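# Architecture and fold: a report
Take a look at the letters that make up each chain.
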Amino acid sequence: MEQPSDTVTKRLERRPRVFVTRHLMPSVEDRMAELFDVTLNRSDTPLTRDQLVDAMQGCDVLVPTVTDRIDAVLIGAAGPEMRLIANFGAGTEHIDLKAAAARKVMVTNTPGVFTDDTADIAMEMIIGVPRRVREGVHLVRSGEWSGWTPTSLLGRKLGGKVLGIVGMGRIGQAVAHRARAFGLEIVYHNRKRLPEAVERMFSATYVETLDELVARADIITLHCPAGPNSHHMIDAGRFALMKEGTCLVNTARGDLIDQEALVTALAEGRLAGVGLDVYPDEPNVDPRLLEYPNVMTLPHIGSATREGREESGLKVIANIRMWADGHRPPDQVLTGLD
């Protein structure tokens, strides 16, 4: 099969054919229709692999989301004209970047857009899980609430507790900024230690190992990308290291936590509560988790604001336009093979 030509220096001499895999904000879709020869998925139904293959064989630009697994087989089946994957969202673990680079298919993303939105949801669960908000909402809505008593639904105070942040990138730092206002002591673990000035800004203390962090923290919040080094990073061994009554929050990726180990920790009563916005096999949620009243489950809404979703779509458009004009897009994802 003919290999795609250079994606940076060659200007596209016609309107790019763009295929969008999911329904985006109406303003974004309208702008795409003005600028591109665009095919939209207004039904918002996730595409099958066969449908993705068909799309990739007939477009110049694919606009996928986290729900689309763009692996090496699909990239190998793409038509020779598909030279850009303009991802909607910052995460790119669902795209085989090496396979894309080998086919000279450029990949872009939309970083930085959802930082505050995701940090807000994480903070909501950092507060809501120890204060048993999910249980309180259920009590009222079920009609079972019998009124105020001095000992009902006793949660745990936030002030003075240790918040362990795993992954101190944009979102982790945004969470640290919010957490300071609630009197939480912040410790963090990261691949690289932050500069001392940044640590002082957040009053954050670096711990060298994840084991040390999970043993020290009262509340643990995960903000890492998915990948071989982070898969099941919270496993049975690390649950065993946690203090009794630890709270765990995950707004990053579902496979950071070993589901079986999580269910076991809940069954043993080791955790005060869990807050989850992401799951290993979305949209499926392990039904065993739903049996526990101290597990707060959200439907992957960390980035679900009108403003953020529109800004992300506009970044996709900007990346496509720069690429089509023969320039390097501002949000090109580098693989080391480019």
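Residues numbered from 1 in each chain as written. Predicted model: local features only at pLDDT ≥ 70, side-chain atom pairs only at ≥ 80, totals over all residues. Heavy atoms only, no water.

## Section: the environment of R170
- Position of R170 relative to the elements: it lies in helix α7 (residues 170-180).
- Look at R170 and you get exposed, because its relative accessible area is 56%.
- As a C-alpha pair, R170 and A119 span 51 residues in sequence and 9.2 Å in three-dimensional space. (Helix = DSSP H or I, 4+ residues; strand = E, 2+ residues; numbered from the N terminus. Buried < 20%, exposed > 50% of the residue type's maximum accessible area, 1.4 Å probe, protein only.)

## Re the packing of aromatic side chains
- Taken as a whole and judged by the stated rule, the model has two aromatic pairs.
- Here the aromatic rings of Y188 and Y206 are separated by 5.3 Å at their centres, their planes lie at 55 degrees, and the arrangement is tilted. In this pair, Y188 sits in strand β7 (residues 185-189) while Y206 sits in strand β8 (residues 204-206), placing the two residues 18 residues apart along the sequence.
- Overall, the relative accessible area of 0% leaves Y188 in the buried class. (Phe/Tyr/Trp six-rings, centres within 6.5 Å; stacked < 30°, edge-to-face > 60°.)

## A few points about the UniProt feature "domain: D-isomer specific 2-hydroxyacid dehydrogenase NAD-binding" (unreviewed entry) in the protein chain
- Per the UniProt record, "domain: D-isomer specific 2-hydroxyacid dehydrogenase NAD-binding" (unreviewed entry) is annotated on residues 124-302.
- Across residues 124-302, helical content stands at 32% and strand content at 17%; the span's end C-alpha atoms are separated by 10 Å. (UniProt positions renumbered as here; feature names shortened; annotations may be inferred.)

## Quick notes on the UniProt feature "domain: D-isomer specific 2-hydroxyacid dehydrogenase catalytic" (unreviewed entry) in the protein chain
- What UniProt calls "domain: D-isomer specific 2-hydroxyacid dehydrogenase catalytic" (unreviewed entry) maps, in this numbering, to residues 19-333.
- Along residues 19-333 one finds 37% helix and 14% strand; the C-alpha atoms at either end are 19 Å apart.

## What about the sheet that holds strand β2 (residues 37-39)?
- Reading across the sheet, the five strands line up as β2-β1-β3-β4-β5 and stay open at both edges, with parallel pairing between neighbours. The sheet is open, and its two borders are formed by β2 and β5 (106-108), each paired with just one other strand. This sheet shows a mean twist of 20 degrees between the axes of neighbouring strands, independent of strand direction.
- Pairing of strand β1 (residues 17-20) with β2 involves three bridges; the strand directions are parallel. Bridge assignment links R17 to a residue of β2, and that residue is D37.
- Against the sheet, helix α13 (residues 306-324) engages β1, β3 (61-63), β4 (84-86) and β5, with an angle of about 160 degrees to β4. (Pairing = 2+ DSSP bridges. Axes fitted to C-alpha atoms, helices over the stretch in contact; angles between N-to-C directions. Contact = heavy atoms within 4.5 Å.)

## Re the sheet that holds strand β12 (residues 295-297)
- Judged by pairing direction, the sheet is parallel, and its seven strands sit side by side in the order β8-β7-β6-β9-β10-β11-β12 without closing on themselves. Each edge of the sheet is formed by a strand with only one pairing partner; in this case those strands are β8 and β12. In this sheet, neighbouring strand axes are inclined to one another by 15 degrees on average, regardless of whether the strands run parallel or antiparallel.
- Bridge count between strand β9 (residues 219-222) and strand β10 (residues 246-250): four bridges; the pairing is parallel. Bridge assignment links T221 to a residue of β10, and that residue is V249.
- Lying on the sheet, α7 is in contact with β6 (162-166), β7 and β9; it crosses β6 at an angle near 170 degrees.

## Structural notes on unusual backbone geometry
- Backbone torsion omega between E282 and P283 reads 5 degrees, so that peptide bond is classified as cis.
- For P283, the position within the fold is in the loop between β11 (271-276) and α12 (287-290).
- Even without being glycine, D44 reaches a positive phi, approximately 65 degrees.
- Along the chain, the position of D44 falls in the loop between β2 and α2 (49-57).
- Classification of D44 as partly exposed rests on a relative accessible area of 30%.
- If you check the backbone angles, K104 has positive phi at about 60 degrees while not being a glycine.
- Among the secondary structure elements, K104 is positioned in the loop between α4 (97-102) and β5.

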